Amino acid sequence: MTASRLAIEVSDLRVAYGTKEVLHGISFDVKENEIFAIIGPAQSGKTSLLRCLNRTIDQVAEASVTGTVKIDGLDVRRVKDVFALRRKVGMVAPLPVGLPLTIFDNVAFAPRCAGMKARGELEAIVERCLRQAALWDEVKDRLGSLGTALSGGQQQRLTIARALSHDPEILCLDEFSIAIDPVTTMRIEDVLKELQSRVTIILVTNLVQQARRLADRTMFLWNGDIVEVGSTDVVFSDNPADRRTYGYVNGIFG
Amino acid sequence: MGAPRPQRPKASIAIERIIEFVIRLSGVSAVFFVAAIFFFIFREAVPVLWDPDFDFAEFLFSKEWYPTSVNNVRYGTFALTIGTLSVTGVAIVLAVPFGLGAAIFISEFCSPKIKETLKIVIELLAAIPSVVWGFIGLTVMSKLIVSVTGTAVGVNLLNGGFILALMSVPVIVSIGEDALKAVPDSYREAALALGATRWETVFRVLLPAAKNGLLAAVLLGVGRAVGETMAVLMATGHAVQIPHGLLDSVRTLTANVAAELGEAPAGSSHYRVLFLTGVLLFAITLVVNVAADLAVRGIRRK
């Protein structure tokens, strides 16, 4: 096994909203260029975890966070330029959110925020990202129309293109297939496999089979605790380390 | 055949019909009232159009307004129209940036505590009767303008515009804030996740997303300014002239009607011309509304 670098190191991470703790001190690592799946039922703390990675949890007034999250060895809470951190971590939300801008402006949003102005460069980025998200052929003739006018599946691929536009080192997808059909889901899964050579992918999913298809390693999160984290082959085998994992991935677990 | 399906009682159906009728009536009545207002104003105004001494072009384009002159009666409202437009213009220039700025601040930047306080204060501001505003214009603002600019008369275009701006700001703030509040939080989250600062989020995402509502806010503010009577009557100086600067006194269409209708004998030409002025105000409001409607549609199409 090659000793790959760690992209993310989480140790003893606790998140509480008011008095309700939703993550009870979890620790795990994500290696560079792996697809790391996080599975678990609703309310297990998956989205809160993602919010800690790009510090959008800062926007939730009543949230309190302890423990450390390191990205590239740097503690995210010590990062001075949180906006640069957020560009390093691409985030795709569960429901597709086409911003009320044109398709072009949607994808060019983050580069523009980072200060890029030259039309030529922006055009190149928009085309590259839309191609990577398997959307280019469908929208190349109407980049000037509203992103919100696209279909659900197209908007989801638009958000993926947008998340790629700032050249992230880590791409987080939070239940990206919740609003799209199986065919589009498969296309995006193919896209993710291609992207793996360039970015580290965190895939939060309710579809356990999706984790099985894509992930190198899988973490099973339940009620704010890690039940098991390990190679996907083991997690999905007949003999995972924890019996609850077997129950959950086989759908016989409450 | 199973058991008979449960039937809604007849009384309940009857009540349903009555409620539906009442609701329909209140909807239709709005149209009826507008039509009735149109009808009565036109009925009072129209006979003057056949008066041999009355010239419609003069009414619109002459700046000579001598309704009570003994031997040279002139009904030219051009200076009054310019008065209305200029006071409204000054008010918009002052009120729109402040109003939208305050709406953005309240909706996006301030803490919940300050937000509550500000909203209450702004609602209070909206509740001040216009005659009180006029009084402030006549006394406080007027003295302030005289002492700052050294002009002879403090009741003028600037004073009226300022007072109107203060009256329009609460309207723009409360409607603008509603428009911003209606933008889904997912837009804010998406923009922040892309590395946008709060300002970038406001300018690049929230303003485009809320532009229809914000335009509506501005237009309601403008509507308030065009239609306002008492405050401008007191604050603008009431001189029928085309202003050449911010410190000239003006008179608006509305103030003119309010001031003169009591003096004009019912049925006289003067009386009818004042009603015709009402029709003119209607027309101006209509143009503003239609323009706004087209603008909103234009924005939507894009």
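For the structure itself, look to the data block above.
Residues numbered from 1 in each chain as written. Chains lettered and ligands numbered in written order. Predicted model: local features only at pLDDT ≥ 70, side-chain atom pairs only at ≥ 80, totals over all residues. Heavy atoms only, no water.

Asker: What should I look at first to understand the interface of chain B and chain A in this one?
Answerer: Interfaces are often sized by the amount of accessible area the parts lose when they come together. Residue-level contacts link 17 residues of chain B with 22 residues of chain A. Here chain B and chain A share an interface that buries about 1600 Å² over both sides, 68% of which is from carbon and sulfur atoms. Applying the counting criterion to the chain B and chain A interface returns one salt bridge. Between Arg51 of chain A and Glu189 of chain B there is a salt bridge, with the nearest N and O atoms lying 3.5 Å from each other. Along the contact surface separating chain B from chain A lie two residue pairs in polar contact (both at pLDDT 80 or more). (Contact = heavy atoms within 4.5 Å. Buried area = accessible area lost by both parts, 1.4 Å probe. Salt bridge = Lys/Arg side-chain N within 4 Å of Asp/Glu carboxyl O. Polar contact = N/O pair within 3.5 Å; in protein donor to acceptor, adjacent residues only side chain to side chain.)

Asker: What exactly am I supposed to notice about the pairing of strand 3 (residues 35-39) of chain A here?
Answerer: Side-chain positions along a regular strand alternate between the two faces of the sheet. Residues and elements named next belong to chain A. Judged by how many residues are buried, strand 3 sits mostly within the fold: five of five residues are covered. Here strand 3 shows no split at all, with Ile35, Ala37 and Ile39 on one side and Phe36 and Ile38 on the other all buried. Note that strand 3 and strand 8 (residues 200-205) share five bridges and pair parallel. Note that in strand 8 the partner of Phe36 across the bridge is Ile202. (Buried < 20%, exposed > 50% of the residue type's maximum accessible area, 1.4 Å probe, protein only. Helix = DSSP H or I, 4+ residues; strand = E, 2+ residues; numbered from the N terminus. Pairing = 2+ DSSP bridges.)

Asker: Sorry if this is basic, but what is going on with the packing of aromatic side chains here?
Answerer: Working definition: an aromatic ring pair is given by the centre-to-centre distance plus the angle between the planes. Under the counting rule described, the total for this entry stands at twelve aromatic pairs over all chains. Three or more aromatic residues link up through ring pairs in this structure, and these residues are Phe38, Phe42 and Phe282 of chain B. A cation over a ring is seen here: Arg119 of chain A above Phe104 of chain A, with NZ or CZ 4.2 Å from the ring centre. Looking at Arg243 of chain A, its charged tip hangs above the ring of Tyr246 of chain A, at a distance of 4.7 Å from the centre. (Phe/Tyr/Trp six-rings, centres within 6.5 Å; stacked < 30°, edge-to-face > 60°. Lys NZ or Arg CZ within 6 Å of the ring centre and 35° of its normal.)

Asker: How should the sheet that holds strand 3 of chain A be read in this particular structure?
Answerer: Two strands in a sheet stick together by hydrogen bonds in their backbones, pointing the same way (parallel) or opposite ways (antiparallel). Residue and element names in this part refer to chain A. What the six strands build is an open sheet, ordered 6-7-8-3-9-10; its pairing is mixed. Every other strand in the sheet has two partners, leaving strand 6 (89-92) and strand 10 (225-231) as the edge strands with one partner each. Between one strand axis and the next, the sheet turns by 15 degrees as a mean value, whatever way the strands run. Along the sheet face, helix 6 (residues 152-164) touches strand 6 and strand 7 (170-174) and points at about 170 degrees away from the line of strand 6. (Axes fitted to C-alpha atoms, helices over the stretch in contact; angles between N-to-C directions.)

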